[in-house]
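Residue-level structural notes
Okay, here's what each chain looks like letter by letter:
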Amino acid sequence: GENVEQHPSTLSVQEGDSAVIKCTYSDSASNYFPWYKQELGKRPQLIIDIRSNVGEKKDQRIAVTLNKTAKHFSLHITETQPEDSAVYFCAASTSGTYKYIFGTGTRLKVLA
Amino acid sequence: GAVVSQHPSRVICKSGTSVKIECRSLDFQATTMFWYRQFPKQSLMLMATSNEGSKATYEQGVEKDKFLINHASLTLSTLTVTSAHPEDSSFYICSARDRVGAYYGYTFGSGTRLTVV
């Protein structure tokens with residue numbers, strides 16, 4: 001089955017700096033990759049996603065890149081703000097199963 | 001946008017009792033509901049997938065007789081933790097697939113923190 005690895009597990013950055021979180025997946029059939037942000041005790045919220053027919057997608061300060069050959073994808077947050085502090089999860093999914101397999105999460109701290 | 005309502009948000013129960021958790025899709029039809037379990041500071045572990053009107057499909061290592069899932073309608077899925085024990089204490093959260101044929105942008109419920117004493 002699919003396995004998703006995520007790094008780093010924790011990340012501290014100064015306000016205004018960029019943050020990058022990386023994920024790798026094992027199943028070459030995976031074709032959809034969402035990123036979720038989870039604040040303490042709350043539900044995960046979808047922040048950006050990318051499909052396998054696209055190499056990069058951007059939404060304001062957030063971008064995701066996908067390298068299908070290497071089977072890895074990354075989340076990029078620019079001009080970080082304290083409210084970006086949360087746990088971020090990547091996930092991989094295939095159209096056949098519809099299941100999301102999540103990475104282990106990255107705890108991002110943006111220091112003011 | 002799509003909303004999934006999950007209840008209760010917190011529950012404390014005695015060891016040996018059963019607890020039912022409900023997830024309702026409020027403004028869409030959830031053809032598929034996914035149930036996850038999340039331990040503190042850990043990832044979301046998929047427990048099972050349920051399709052409306054069908055038996056749930058459980059992930060390897062998840063006891064189907066302990067975690068009963070019912071998805072009787074397109075707007076309601078329930079997870080019952082039977083004969084709960086302290087090791088079942090966790091954060092349980094559902095997510096719904098909100099469009100037939102789509103596999104993106106699932107909406108999560110708000111989660112249920114279960115404490116078994």
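Residues numbered from 1 in each chain as written. Chains lettered and ligands numbered in written order. Predicted model: local features only at pLDDT ≥ 70, side-chain atom pairs only at ≥ 80, totals over all residues. Heavy atoms only, no water.

**Points about the sheet that holds strand E1 (residues 4-7) of chain A**
All names here are of chain A. Applied cut-off: By definition, two strands form a pair when at least two bridges between them are found by DSSP. The secondary structure listing takes helices from DSSP runs of H or I that are at least 4 residues long and strands from runs of E that are at least 2 residues long, numbered from the N terminus. Think of each axis as a best-fit line through the C-alpha atoms, taken over the contacting stretch in the case of a helix, with angles from 0 to 180 degrees between the N-to-C directions.
One open sheet accounts for five strands, arranged E1-E3-E8-E7-E6; its pairing is antiparallel. Edge positions in the sheet fall to E1 and strand E6 (56-59), since each has one partner strand and no second. This sheet shows a mean twist of 15° between the axes of neighbouring strands, independent of strand direction. Note that E6 and strand E7 (residues 62-67) share four bridges and pair antiparallel. Paired with Asp59 across the bridge in E7 is Ile62.

**What to know about the layout of surface pockets**
To keep it simple, the criterion reads: Here a cavity is any set of points on a 1 Å grid over the protein atoms alone where a 1.4 Å probe fits but cannot get out, and a pocket is any open set with protein on both sides within 12 Å along at least 5 of 7 lines; a residue lines the site when it has an atom within 4 Å of a point. Grid points are joined across faces, edges and corners, and a volume is the space filled by probe spheres set on the points. Amino acids are sorted into nonpolar (Ala, Val, Leu, Ile, Met, Phe, Trp, Tyr, Cys and Pro), charged (Asp, Glu, Lys and Arg) and polar (every other residue, Gly among them).
Quantified by volume, the largest pocket comes out at close to 440 Å³. What lines the largest pocket is a set of 22 residues, and nearest its centre among them are A:Val87, A:Arg107, B:Gln38, B:Lys41 and B:Gln42. Counting only elements with at least two residues in the lining of the largest pocket, the list comes to strand E9 (86-93) and strand E11 (106-111) of chain A. When residues in the lining of the largest pocket are grouped by element, the largest group, three residues, is from E9(A). Its residues placed into classes, the lining of the largest pocket shows seven nonpolar, ten polar and five charged.

**Some details on the pattern of salt bridges**
Threshold: Salt-bridge detection follows one rule: a side-chain nitrogen of Lys or Arg within 4 Å of a carboxyl oxygen of Asp or Glu. For every residue, the accessible area (1.4 Å probe, protein chains only) is compared with the maximum for its type, and the residue is labelled buried under 20%, exposed over 50%, or partly exposed between those bounds.
Scanning the model with the defined rule gives six salt bridges over all chains in all. We note a salt bridge from A:Glu39 to A:Lys37, for which the minimum N-O separation is 4.0 Å. The class of A:Glu39 is partly exposed, set by a relative accessible area of 38%. For B:Arg24, the salt bridge is made with B:Glu22, and the minimal N-O distance between the two is 3.6 Å. The exposure class of B:Arg24 is partly exposed, given its relative accessible area of 37%.

**Looking at the pairing of E11(A)**
All names here are of chain A. Taking every second residue as pointing to the same face, the buried face of E11 carries Thr106, Leu108 and Val110, while none of Arg107, Lys109 and Leu111 on the other face is buried. Of the strand pairs in this sheet, strand E2 (residues 10-14) and E11 are connected by five bridges, and their pairing is parallel. Residue Val13 lies in a different strand from E11, and its bridge partner there is Val110. Bridge count between E9 and E11: three bridges; the pairing is antiparallel.

Bear in mind that shape data such as this cannot, by itself, settle questions of function.
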